[in-house]
Protein chains: 4
Amino acid sequence: MLKITIIGGGSSYTPEIIEGFINRHHELPVTHIDLFDIEEGRYKVETVGALAKRMIENAGVDIELNIEFDRRKALTGANYVCSQMRVGMIPARVQDELLGNKYGMIGQETNGIAGFAKAMRTIPVTLSLCKDMEEICPDAWLINFTNPSGIITETVLKHTNIKVIGLCNVPVCTQFGIEELMGTKDLQVQFAGLNHFIHAFHIWDHGKDRIGELIDKVCSGEEFALPKNLGEVTWVPEQLKHLGALPCGYHQYYYKQDDLEQKEVKSEGYVTRGEQVQEIETALFKLYEDVNLNVKPAQLEERGGAHYSEAACELINAIHNDKRTLMHVNIRNNGTISELPNDCAIEATSVITSCGPQPLNLPPITNPAIRGTLQLQKAFEELAVEAGVFGDYGAALQALTINPLVRKGTVTKEILDEMIELNAKYLTQFNNK
Amino acid sequence: MLKITIIGGGSSYTPEIIEGFINRHHELPVTHIDLFDIEEGRYKVETVGALAKRMIENAGVDIELNIEFDRRKALTGANYVCSQMRVGMIPARVQDELLGNKYGMIGQETNGIAGFAKAMRTIPVTLSLCKDMEEICPDAWLINFTNPSGIITETVLKHTNIKVIGLCNVPVCTQFGIEELMGTKDLQVQFAGLNHFIHAFHIWDHGKDRIGELIDKVCSGEEFALPKNLGEVTWVPEQLKHLGALPCGYHQYYYKQDDLEQKEVKSEGYVTRGEQVQEIETALFKLYEDVNLNVKPAQLEERGGAHYSEAACELINAIHNDKRTLMHVNIRNNGTISELPNDCAIEATSVITSCGPQPLNLPPITNPAIRGTLQLQKAFEELAVEAGVFGDYGAALQALTINPLVRKGTVTKEILDEMIELNAKYLTQFNNK
Amino acid sequence: MLKITIIGGGSSYTPEIIEGFINRHHELPVTHIDLFDIEEGRYKVETVGALAKRMIENAGVDIELNIEFDRRKALTGANYVCSQMRVGMIPARVQDELLGNKYGMIGQETNGIAGFAKAMRTIPVTLSLCKDMEEICPDAWLINFTNPSGIITETVLKHTNIKVIGLCNVPVCTQFGIEELMGTKDLQVQFAGLNHFIHAFHIWDHGKDRIGELIDKVCSGEEFALPKNLGEVTWVPEQLKHLGALPCGYHQYYYKQDDLEQKEVKSEGYVTRGEQVQEIETALFKLYEDVNLNVKPAQLEERGGAHYSEAACELINAIHNDKRTLMHVNIRNNGTISELPNDCAIEATSVITSCGPQPLNLPPITNPAIRGTLQLQKAFEELAVEAGVFGDYGAALQALTINPLVRKGTVTKEILDEMIELNAKYLTQFNNK
Amino acid sequence: MLKITIIGGGSSYTPEIIEGFINRHHELPVTHIDLFDIEEGRYKVETVGALAKRMIENAGVDIELNIEFDRRKALTGANYVCSQMRVGMIPARVQDELLGNKYGMIGQETNGIAGFAKAMRTIPVTLSLCKDMEEICPDAWLINFTNPSGIITETVLKHTNIKVIGLCNVPVCTQFGIEELMGTKDLQVQFAGLNHFIHAFHIWDHGKDRIGELIDKVCSGEEFALPKNLGEVTWVPEQLKHLGALPCGYHQYYYKQDDLEQKEVKSEGYVTRGEQVQEIETALFKLYEDVNLNVKPAQLEERGGAHYSEAACELINAIHNDKRTLMHVNIRNNGTISELPNDCAIEATSVITSCGPQPLNLPPITNPAIRGTLQLQKAFEELAVEAGVFGDYGAALQALTINPLVRKGTVTKEILDEMIELNAKYLTQFNNK
């Protein structure tokens, strides 16, 4: 018996993860999948759950799939718990992004004000989930791909006893882009940093590092595919060469903040990513309702999070079968990045064994820009975890103040206060403080 | 024989340093002072030099003062070299500030774009000065109070063999404010951080730390005097309590960036600090011309840099007489702030002995906000030193990109290019790159 | 009112500390001294106490001296508590040394088996003393010169809330030797390491380091005075030059272990240091009984611990008057020696202010021999503290096993078991384990 | 084409490595093997080379094997260079061991005086080998299993540009013992430390650490097989439980030094390991001469180094085929053991990829005994490398002085001087110093 429990089972991504388990069934014989969701998500989980059942039947694999609204029941017997929940659902995301835009800032979900707001909503639910897991399935792995993945992983590492691995599709997608550019798949791309804040430091080709070659290609303007939601990023060649490592696509928010603010905040008729996603989702669920559909629809790949659930399946497979796959995951630092605290979460290329991820060794980071921005970003994340767990207003305000995507001053407090008020229903940790 | 050489001897601050040597003559018997300046500064150095001679004569102390336009001559026999030069003089400062404002950013001299431009102009001249010192007076101490003092100190530490101490009046002035607020002068205030980026971590009162009490006072709104040029700073109490340490006045640029930008960039008729200073200076030199004036005029205290030269005199006194005074100086880190590289410059409260400054020990910095912002700021400084010494365009662009006071994106490159063009005469290190 | 409490007031060193307070009375106006001792020490404390009273009367200073057998009474109102106790008195020391010798090892009191045994006896009493201090005089400084001073200081730092400074006369005596050799007293000698395990790293002469010159002198065979009990030490010049720093006299036990074992263990008629001390003490107390004696007798200087109590007086003076004296004391590391844990005790040259000692900054230790032996010795001390506080047998055996002066193997366990049995009365922490 | 060059090809172990390549030929298609040896080793390399040819022919694999006395020719075209040389051959080893015994110390080849002497002889030849490799086959991996493997690996890492991996059979053999004791092979044993100075820190069984269970078994007296040459080791249960990790068999020299000295030095008729090996070797070569022998003779397994060459084959296989095997190898620390310098060699369990070994992450070592002894041992190794490369007499004497297996004092210098004299032919680096 091998049971997977999916928290936020009503997500539109569920068909991808189901497909992943179907495709791996010969080596990863999952016997039970529980899709858990809350009452407010009933329509979604029932719709996508029905599709999942059709997919399983169509594939002819022996997996029992249940839809479950009682979380403790769903956790019973679980070997792996995948968390893809969205507290407040998409409307909360739209609200976050509009809040950012209102104050002239980027309303991007995982960084800046919107990512912070999402963290504040998600942390209490995650702590409650882990408390249940400690009782019911203390040996299960928690595979988190709820954003902001690094902050959620650090929360679990620091404040619970649950084994956790955080996932993100950014490194996977970046690796695809690098392989395309280098014209070979036979490379070991070594990333390190924080979630949505990684660099490719080495491109190992049988013991030789081809990172310099990659940078030259990028500098000479060769096109470089990024996750769908990120668009194209261009770099000043001297600047990129000075870095000596390739920043991920999300670094555009730090390197091109002004340009993106112009585009997002000041352009008329700008539609937030949340609103776009809402529209895509509505269309997807329309498709999912079709009782004749029994495979993952191609349209799902258009979403920014593509490959996320695929990565989750492969991660479970690698642990279960001790496959020694190289994957890029969020884990406890333990000295991997010696410039960051030992006990924090980092995102780093790791070998996945039956014991979980083993991060590849990274020599000291010598470039001051990479080192300094990483240290600042981690400080923001630590403060966000503290604010989210303890409802500490000072930590929250300080977190936003040092976040490079947030404007600093009287306005910072105004944003925070408005954010707490708008999310009052979810931000119970801030009550009575 | 005890000789002091002042580089940038034509500065309007010179009367303060002269007064300092006069007042200490009984314990620090300076015999020679050479005021060196460049030909463009002839009017200023001759005017202030004449005043200095009248002050010395009036005080009846035995000091021989020379005005010198040959730097190597001025360095001959020097025991202490004080550097207070301003490459490009005040017009370059005004130009820096207007450049910042033009692009919607704070045009403040020591941080942000204007401080960076000043560093780029000052580094080549400092390296050339140290090369002369290595030949002519290799055992002399270089007391630097040319801004940005931390970046200049780090340049000397990393790229020359000269013993250097960087000075700033911000900690001294902050200490005065703290003493006033606490109602006693019998305290040991321990600062640490970077130039214009320090916190008071401890307020030692005979082995008890009263920092909590100080923070409570500041939070309850008690007035806190700052250097003349900084105005009043207010803090959100929860935020300040979370910090657990008192940021210096210059931190307002980071905590109140938006408010200051509103005030500075968007208010009509805004007059830059450089323009104000130009006006004050013109008035001061008018005073200095008066052949009846033979003491330091009170008006000099109105300038932001007051106490700077006083600190320089006291520093020289403490070294010369092994006085064990506690002073706040820029020196090599050597593990004092364990979160920063060993070989960088920091500003820290130190005991001054005959061997120079010995920084007070500082336990690890546990507040993520203080730690993270300090690490980012140091990364900026390291990149600025690299750019200034080697004329590396990539390092320069990266330095500005990670500076929290500079807007990021296409605009960053535009500012840098314009800055290099405007300062072409001084930024020789960037030629032919 | 300024009260000093001396724990182990019956020590033969008491006249030295009394003389120290008499000589400093003009600047350090001590009003009360309590000599505390246990009932078994009644003869000694009453004898030396009577001498102390005669000394005070003879000096004409206004100090009230009490002999006290109730420790809590003695602590009441204390500003400084000096601990110079000897648990088990001299017979326990002789027993320790004979135990070492029996097993073919050096029977030296502060290192090796005898120092370990003394630590095990002293730790429980120290913890109990500190518990009383926490209640009765929580703000008093504990000045410890009970051996092994480093281990006792670390115990207090890690397991109590009392402010503690550990003292030793080795650095003071070594400094005297260095000054004599260099022909000047105008030097700043910078020591760092652990108690009885320090090196002189720098000999600062107005900003120039003369350590090389000192090493050359020592290599060329110039005589170098050591504490009375240590005899003369000779070094192989190549080895000393490779070190680049001067080891203290106690290092002979590590560098000349074999020679000293030959001398001590295998020579017939060898008299242990404890037995010698017992004889000296008996003679001293004979002297002290003389009702006509009213000054410190010169014979006291013959003891190995000379200058110890003098250092204690000066330390109290420096704190009380914020004198900024450079002294060599045992304190919390806090990153001073970056190769050792932050929370351990080290011995380092420090500036003494009204807030206690501030260790001078030390760059990373690059010599592998100094670094490696220091790290091993600290590991021994940490294990000794753990064994002494918790009565952990495994920690105790491991401490002895890694101690370089102890033979390893079946014999180690035999020694430990015999030591625990011989000291059963004092080693209560090992009961029922 | 895939070429392996074996330096010290005349070793009696060669049949094992040949067998290894034969057995893996289906996945690791080695085409050329060059056995290089010096003229003095002609009999041995020709004898074992002829056997190797018969083995290859018998196995029917397509490998061309050459015997080569010109090292540069042997290196031409090499993809992997295996070093198993023995400078001075077995008589030098016997001489080393007798030298140790003469002075009452353990005469063990890789630690203490004999290991140090072997390092001094081997370092100059290794540097010369690497210089040739830098010219002739700069991309080849050097697989070193010449002892002392850690010191030789560190020499190559610090003083050449060659990619090197050091091997030892101790962790492999210890792993076999652990698997036997735990009754399963499905474990990930994680070792870390220095060559012949490792601990098993974790015994991962699908994410659960069973190290505690292993220690309990060892404490309860269950037998634990060690490499043939190490005999049985027993531990005091309290001590082993305090460690919380399992020391390797070579730790008996540190934990049981006294017992082993009794046995080795003081027992009459003691035969050194070198003499035993000489006898075994003579017998082995007798066997090898038999023209009918065409497989590896079983008697070879009786030697202490069994599995060494097997490990070398598997290591090459894992690199060549990116197998992600977990192996225990000597590599650059790079922060893996954060308590040791970044640039030193450590021995650690690593994932072998096509890019070489990636050490598994290790959290900080908290046990003071493990940490302290490791730091001391590394200091010894660093000094040995310095002495061996530069012929620095002071470094050499200091290395021996801090080595825990060497007696300290006048005797240390006598041993060193005798060692240099006895090995004058090989220790050219010490000439003219």
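Residues numbered from 1 in each chain as written. Chains lettered and ligands numbered in written order. Predicted model: local features only at pLDDT ≥ 70, side-chain atom pairs only at ≥ 80, totals over all residues. Heavy atoms only, no water.

In the annotation of an unreviewed UniProt entry, chain A is listed under the name 6-phospho-beta-glucosidase and assigned to Moritella marina ATCC 15381. Under the UniProt heading Sequence similarities (unreviewed entry), the note attached to chain A is "Belongs to the glycosyl hydrolase 4 family." (UniProt positions renumbered as here; feature names shortened; annotations may be inferred.)

K.L.:
Before we go on, may I ask you to explain the overall build of chain A in this structure?
P.N.:
Counting its regular elements, chain A contains 16 helices and 13 strands. On C-alpha atoms alone, chain A measures out to a radius of gyration of 21 Å, which is about the 22 Å that the 2.2 N^0.38 rule sets for 433 residues. A principal-axis box enclosing the C-alpha atoms of chain A has dimensions of 55 × 55 × 40 Å. Scored against the burial criterion, the 433 residues of chain A give a buried share of 67%. Carbon and sulfur atoms make up 49% of the accessible area of chain A, which amounts to about 14,700 Å² in all. Of the charged side chains in chain A, 40 are positive and 58 negative; the average position of the first set lies 2 Å away from that of the second. (Helix = DSSP H or I, 4+ residues; strand = E, 2+ residues; numbered from the N terminus. Rg over C-alpha atoms; globule rule 2.2 N^0.38 Å. Buried < 20%, exposed > 50% of the residue type's maximum accessible area, 1.4 Å probe, protein only. Areas by Shrake-Rupley, 256 points an atom, 1.4 Å probe, with all protein chains shown as cover. Lys, Arg positive; Asp, Glu negative; His and termini not counted. Charge placed at Lys NZ, Arg CZ, Asp CG, Glu CD.)

K.L.:
How should I be thinking about the packing of aromatic side chains in this particular structure?
P.N.:
Aromatic ring pairs: the centre-centre distance and the angle between the two ring planes describe each pair. Residues and elements named next belong to chain D. Inspection of the entire model under this criterion finds 24 aromatic pairs over all chains. Residues Phe116 and Phe380 carry aromatic rings whose centres are separated by 6.3 Å and whose planes lie at 45° to one another, so their mutual orientation is tilted. Residue Phe116 is found in helix H5 (residues 112-136), and its partner Phe380 is found in helix H14 (residues 368-390); the two are separated by 264 residues along the sequence. Since its relative accessible area comes to 0%, Phe116 is described here as buried. (Phe/Tyr/Trp six-rings, centres within 6.5 Å; stacked < 30°, edge-to-face > 60°.)

K.L.:
What is the right way to look at the relation of the copies chain A and chain B in this model?
P.N.:
What relates the pair of chain copies is a rotation about an axis plus a shift along that axis. Overlaying chain A with chain B gives an RMSD of 0.0 Å, the required rotation being 180° about an axis along which the chain moves by 0.0 Å. Such values leave the two copies arranged in the relation of a two-fold axis. Same-surface contact between copies: 100% of interface residues of chain A are shared with the interface of chain B. (Least-squares fit on C-alpha atoms with pLDDT ≥ 70 in both. Contact = heavy atoms within 4.5 Å.)

K.L.:
What am I meant to see in the interface of chain A and chain B here?
P.N.:
When the parts of a complex come together, some accessible area is lost, and that lost area is often used as the size of the interface. Across the boundary between the two partners, chain A contributes 38 residues, which contact 38 residues of chain B. Both sides together, the interface formed by chain A and chain B hides about 3,100 Å², and carbon and sulfur atoms give 57% of it. The interface formed by chain A and chain B holds four salt bridges in total. The shortest N-O distance in the salt bridge between Glu382(A) and Arg371(B) comes to 2.2 Å. One can count 20 residue pairs in polar contact (both at pLDDT 80 or more) joining chain A with chain B. At 11 residues, helix H14 (residues 368-390) of chain A tops the list of elements feeding residues into the side of chain A that touches chain B. In terms of residue class, the side of chain A that touches chain B is built from 15 nonpolar, 12 polar and 11 charged. (Buried area = accessible area lost by both parts, 1.4 Å probe. Salt bridge = Lys/Arg side-chain N within 4 Å of Asp/Glu carboxyl O. Polar contact = N/O pair within 3.5 Å; in protein donor to acceptor, adjacent residues only side chain to side chain. Nonpolar A, V, L, I, M, F, W, Y, C, P; charged D, E, K, R; others polar.)

K.L.:
Would you explain the packing of helix H4 (residues 89-102) of chain C against helix H5 (residues 112-136) of chain C in this entry?
P.N.:
The relative placement of two packed helices comes down to the angle between their axes together with the axis-to-axis distance. Residue and element names in this part refer to chain C. Direction vectors running N to C along H4 and H5 enclose 140°, while the axes themselves pass 8 Å from each other. With respect to their mutual orientation, H4 and H5 come out oblique. Every pair of crossing elements has a handedness; the one defined by H4 and H5 is right-handed. Together, Ala92, Arg93, Asp96, Glu97, Leu99 and Gly100 of H4 and Ile113, Ala114, Ala117, Lys118 and Arg121 of H5 make up the contact between the two elements. When the residues that make up the contact of H4 with H5 are grouped by side-chain class, the tally is five nonpolar, one polar and five charged. (Axes fitted to C-alpha atoms, helices over the stretch in contact; angles between N-to-C directions. Parallel < 35°, antiparallel > 145°, perpendicular 65-115°, else oblique. Left-handed = near helix turned anticlockwise from the far one by under 90°.)

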